[in-house]
Amino acid sequence: MKNNQNKTVVLSMTVLAFAISTQVNATPAPMSLSSTNQQVEQQSPLPKRYIVKFRNDNAAQVINDLAANQSVNQASEASSMDYQPRTNEVYSHFRALNSVQAREMKRIGRSNSYSTKLDSSSIRALRLRQDVEYVEEDLPRRLMAETTPWGQTYVGATVLSDSQTGNRSICIIDSGYDRSHNDLSGNNVTGTNNSGTGNWYQPGNNNAHGTHVAGTIAAIANNEGVVGVMPNQNANIHVVKVFNEAGWGYSSSLVAAIDTCVNSGNANVVTMSLGGSGSTTTERNALNSHYNNGVLLIAAAGNAGDSSYSYPASYDSVMSVAAVDSNRDHAAFSQYTDQVEISGPGEAILSTVTVGEGRTADITIAGQSYFSSGVVPHNRLTPSGSSYAADPINTSATAALAECTVNGTSFNCGNMSNKICLVERVGNQGSSYPEINAVKACNTAGASGVIVYSNSALPGLQNPFLVDANSEITIPSMSVDRATGLALQAKIGQSATVSNLGNQDYEYYNGTSMATPHVSGVATLVWSYHPECSAAEVRAALNATADDLNVAGRDNQTGFGMVNATAAKAYLDESCS
């Protein structure tokens, strides 16, 4: 059952975070949120603020300077949007605002516009000033809905209350936790830094993996963004930051991190979306000791898409978590071994990322957004040296929806000029990434944007990589599941808008790294109902009640099946054993 070779282990979070089995190196992908009339009409909780725009005293000179090199329209726009007032002008602006008792004044970037609180008399006074161009309400903006990622529903987390989770503690060993994120900031969270990784609550640039994991576990129910398995700010979370942007560490660092979880965070559950090949005696013994002392250890099975062992997941003391998609099919990247114990949602998982580093997509037809059905922007990769690097297309397109039909492996797109191309994926990810073929066919036919939907062989929502070897794709493209694709066929001929958005706070990721926090969150949630049960008994309950997948009984691809929170609780309601 074990591969007990004693080797030096290097833990690669990067490898486990992303479902790539070739030499393509890339980061994952994001979201946009749907709206309804009811949501649009909700009362904003924000206090009313106003924008005061002062006139550009030197606008004429700006226009004259720009006119020599730009069109009149460009120059006019630049004078309005790009004009930066001098220091003395800024001083006069603040003096003018102070003269009318403006409150909480905030300059907007480096412009001559200011957001501030004003009463009615102050507004009237400012509007009468010659140096004020206009005063308008600073309207509230928000994500248009709180989305429940598909994984939370599948594991039963939306049914059980998390009101008792304060009696348990979960420790996340990863790359940190963005405490400034609205969906995470209100949690009961503490943390520890490992030497050289920086503050646990500041992941740093390009280091959002731990924040994504944390969101799956405990994104807050706050009417925006997403929700986690335990969304009501009751769970005790401890974060140990062992990875920086490089994404590599040693097994000794992992051992130290688990010790920290237990000693500093009083951890009942330790979640590890990380791993590497080869085992060490030190690591094995340390994990055995913690498990025997009542700590439930859960780790990612690995993303190599083969039958190799990954550690720490493949130690007997650790639950090894495989990944499945939204159709409950085994994810092609998920490693399959006799150590795989249980499965969790791990394909196209929407969660929190470092603020501003996310990416999302949406499709809108006749005012209806398809975001809640799952719209995944393609992770475009273009050549960079001897490998590939992320090169996303963040733009929108509006045109009539048209279908590119498929005959075998051939695409019949016709003339897609000024159209949004709806096309079925031919083939599925494994040793290759077939999305590029569908997108190229639509692009060649002149399409303004592309929607790829899943085929019958793998109908669930996928998180696709668009390996653009010739850097030829410049139009927005995205993927939806088969059910959504077939529903869109009924909209052929209607005007559709497709949007890929950067600088978001959420993103879609793939990986057993994403499946693991689903299982860890459920374990913590279920255990909170019965803290008298042992870690071994909770583990047994999760395995005994998992939804069987693939073949009858336990199998190497999905273990005992998809974790089921409600069934596991019912099992423990009867008895810990």
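What counts, and where the lines are drawn
Residues numbered from 1 in each chain as written. Predicted model: local features only at pLDDT ≥ 70, side-chain atom pairs only at ≥ 80, totals over all residues. Heavy atoms only, no water. Helix = DSSP H or I, 4+ residues; strand = E, 2+ residues; numbered from the N terminus. Buried < 20%, exposed > 50% of the residue type's maximum accessible area, 1.4 Å probe, protein only. Areas by Shrake-Rupley, 256 points an atom, 1.4 Å probe, with all protein chains shown as cover. pLDDT = per-residue confidence, 0-100. Contact = heavy atoms within 4.5 Å. Phe/Tyr/Trp six-rings, centres within 6.5 Å; stacked < 30°, edge-to-face > 60°. Pairing = 2+ DSSP bridges. Axes fitted to C-alpha atoms, helices over the stretch in contact; angles between N-to-C directions. Salt bridge = Lys/Arg side-chain N within 4 Å of Asp/Glu carboxyl O. Expected span 1.5 Å × (residues − 1). Arc of directions from axis to C-beta.

Chemist: Requested: an account of the overall build of the protein, with residues and values cited.
Modeler: Tallying secondary structure elements over the protein gives 15 helices and 29 strands in all. By the burial criterion, 55% of the 577 residues in the protein qualify as buried. Summing over all exposed atoms, the protein offers an accessible surface of approximately 23,200 Å²; the carbon and sulfur share of this is 45%.

Chemist: Summarise the confidence of the model for the protein; cite the residues concerned and give the values.
Modeler: Per-residue pLDDT for the protein averages 86, and the proportion of residues at 70 or more is 85%. A low-confidence stretch, residues 1-44 (pLDDT under 50), is modelled with 166 contacts involving residues beyond four sequence positions or located in other chains. Overall, residues 71-82 carries pLDDT values under 50, and its contacts beyond four positions in sequence, including any with other chains, amount to 13 contacts.

Chemist: Help me get a handle on the packing of aromatic side chains, residues and values and all.
Modeler: The tally for this structure, following the rule as stated, stands at eight aromatic pairs. Plain terms: the ring middles of Trp150 and Tyr154 are 4.9 Å apart, the flat faces sit at 80 degrees to each other, and that makes the pair edge-to-face. Of the two residues, Trp150 and Tyr154 both sit in helix H7 (residues 150-154), four residues apart, roughly one turn of that helix. The exposure class assigned to Trp150 is buried, which follows from its relative accessible area of 14%.

Chemist: Pulling in residues and values, what's your account of the sheet that holds strand E26 (residues 465-467)?
Modeler: Pairing in this open sheet of three strands is mixed, and the strands run E21-E20-E26 from one edge to the other. Where the open sheet ends on each side, the last strands, each with one partner, are strand E21 (387-390) and E26. Taking each pair of neighbouring strands and ignoring which way they run, the sheet shows an average axis angle of 40 degrees. Direction of pairing for strand E20 (residues 379-384) relative to E26: parallel, over a ladder of three bridges.

Chemist: Tell me about the pattern of salt bridges, residues and numbers included.
Modeler: According to the stated counting rule, one finds 13 salt bridges in the structure shown. Among the salt bridges present, the one from Arg49 reaches Glu104, with a minimum N-O distance of 3.3 Å. With Arg49 in the loop between helix H2 (37-40) and strand E2 (50-54) and Glu104 in strand E3 (residues 103-107), the pair connects residues that are 55 residues apart, well separated along the chain. Its relative accessible area of 12% is what places Arg49 among the buried residues. On the basis of relative accessible area, Glu104 is assigned to the partly exposed category, the value being 47%. Through salt bridges that share partners, Arg49, Glu104 and Lys117 make up one connected network.

Chemist: So, the sheet that holds strand E13 (residues 296-300): which residues are in play, and what are the values?
Modeler: The strand order E8-E10-E7-E12-E13-E14-E15 describes an open sheet built from seven strands, whose pairing is parallel. The open sheet has two free edges, formed respectively by strand E8 (188-193) and strand E15 (340-345), since each of these has just one partner strand. The sheet shows a mean angle of 25 degrees between the axes of neighbouring strands, taken without regard to direction. As paired elements, strand E14 (residues 318-324) and E15 share five bridges and run parallel to each other. When the sheet's bridge partners are listed, Val321 is paired in E15 with Ile342.

Chemist: Provide a residue-level description of the pairing of strand E27 (residues 477-480), including the pertinent values.
Modeler: Burial along E27 is two-sided: the face carrying Ser477 and Ser479 and the face carrying Met478 and Val480 are both buried. In this structure, strand E19 (residues 376-377) lies alongside E27, joined through two bridges in antiparallel fashion. Residue Pro377 lies in a different strand from E27, and its bridge partner there is Met478. Note that strand E25 (residues 449-453) and E27 share four bridges and pair parallel. Among the inter-strand pairings, Tyr453 is bridged to a residue of E27, identified as Val480.

Chemist: Can you explain helix H5 (residues 87-99)? Please cite residues and give values.
Modeler: Over its 13 residues, H5 runs 19 Å from end to end, which matches the ideal 18 Å to within 8%, given 1.5 Å per residue. Three or more residues of H5 are buried, namely Glu89, Val90, His93, Ala96 and Leu97. Projection of H5 onto a plane perpendicular to its axis shows the buried side chains occupying an angular sector of 120 degrees, all on one side. Residues Thr87, Asn88, Tyr91 and Arg95 are exposed on H5 and point more than 90 degrees away from its buried face. Phi for Gln101, located one or two positions after H5, is positive at around 60 degrees.

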